[in-house]
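# A look at the structure
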Amino acid sequence: MRDTLGKTPIWQAIANALRDDLADGRYVPGDKLPTEAEMAERFGVNRHTVRHGIAALVEEGLIRTRRGSGAFVAATPTDYAIGKRVRFHENLIAAGRRPAKKVLQIDSRIATTGEAQALRIAQGAPVCAYHGLSLADGQPVAVVESVFPAEHLHGIDDALRLHTSITEALKTVGISDYTRASTRLTAVRASATQALHLHVAEGDPLLKSTSVNVDETGLPIEYGRTWFAGDRVTLTLET
């Protein structure tokens, strides 16, 4: 609404200015907007007025706010297919996104009870654990932990350090193809570490996928856990 003099309310002018910024490409999906204090200084108003303008764009679906993190340009969630064959790079490319991965850690240790059961190896057998961050168009979308049976996949640790793609790393150690044997989906809250990697607030909702991949003989070769940022990925189940 306009005031009695026909002037645009300040909060609406701020919303219009931010809308123009988005249209001009000043900010792209996933970008964090300046803080309320910075925008208040830019527009010469108080933070309450800025908050009012941002709320209008939130209602339009152009901006999303995250408790303790700030305001971000809303991104269209990436469709991520889960079926017999799940390949991160292929899924992202099919969705029109640019895939990338960042290795956080690769270490050797003994299997936990749950990992041993999933991989069908002896409890305490050696495994290689891969920790990584998956990105779409430069924006983090998932934290990944994959565990591999070290004795069955000799050299997998070196292969994972050489290749950013798990599929390529598995080819290096003799696994030419693999398929998904099981997937379990649950809703969880982001831990402090996950929140840091995904640029969300601690306690924000995540989608957790727990899976087992097998080789052509049906032998488990990967036990994986992936924590997807809940507002950035739409998981689709393929039959």
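This write-up is about the structure you can find in this document. Remember, it's a predicted structure, so these values are computed and weren't measured experimentally.

### Notes on the overall build of the protein
- Within the protein, the secondary structure is distributed over eight helices and ten strands.
- Radius of gyration (C-alpha) of the protein: 22 Å, far over the 18 Å computed for a compact globule of 239 residues.
- Summarising its shape, the C-alpha atoms of the protein cover approximately 80 × 30 × 30 Å along the three principal directions.
- The buried share among the 239 residues of the protein stands at 45%.

### Considering the environment of threonine 234
- Structurally, the position occupied by threonine 234 is in strand 10 (residues 233-237).
- Placed 156 residues apart in sequence, threonine 234 and threonine 78 show a C-alpha to C-alpha distance of 5.8 Å.
- Setting aside residues no more than four positions away along its own chain, threonine 234 makes contact with Pro77, Thr78, Asp79 and Tyr80.

### Quick look at helix 1 (residues 10-23)
- The terminal C-alpha atoms of helix 1 lie 20 Å apart, and with 14 residues this matches the ideal 20 Å at 1.5 Å per residue to within 8%.
- The complete set of buried residues in helix 1 reads Ile14, Ala15, Ala17, Leu18, Asp21 and Leu22. Axial view of helix 1: buried residues confined to an arc of 160°, hence all on one face.
- Of the surrounding secondary structure, the elements contacted by the buried residues of helix 1 are helix 2 (36-43), helix 3 (47-60) and strand 2 (70-73).

### Points about the packing of helix 1 against helix 2
- The interhelical angle for the contact between helix 1 and helix 2, taken along N-to-C directions, is 105°, at an axis separation of 12 Å. On the basis of the axis angle, helix 1 is roughly perpendicular to helix 2. For the pair helix 1 and helix 2, contact is made by Ile14, Ala17, Leu18 and Asp21 and by Met39, Arg42 and Phe43, respectively.
- Each residue belonging to the contact of helix 1 with helix 2 can be placed in one class, and the counts come to five nonpolar, no polar and two charged.

What counts as what
Residues numbered from 1 in each chain as written. Predicted model: local features only at pLDDT ≥ 70, side-chain atom pairs only at ≥ 80, totals over all residues. Heavy atoms only, no water. Helix = DSSP H or I, 4+ residues; strand = E, 2+ residues; numbered from the N terminus. Rg over C-alpha atoms; globule rule 2.2 N^0.38 Å. Buried < 20%, exposed > 50% of the residue type's maximum accessible area, 1.4 Å probe, protein only. Contact = heavy atoms within 4.5 Å. Expected span 1.5 Å × (residues − 1). Arc of directions from axis to C-beta. Axes fitted to C-alpha atoms, helices over the stretch in contact; angles between N-to-C directions. Parallel < 35°, antiparallel > 145°, perpendicular 65-115°, else oblique. Nonpolar A, V, L, I, M, F, W, Y, C, P; charged D, E, K, R; others polar.

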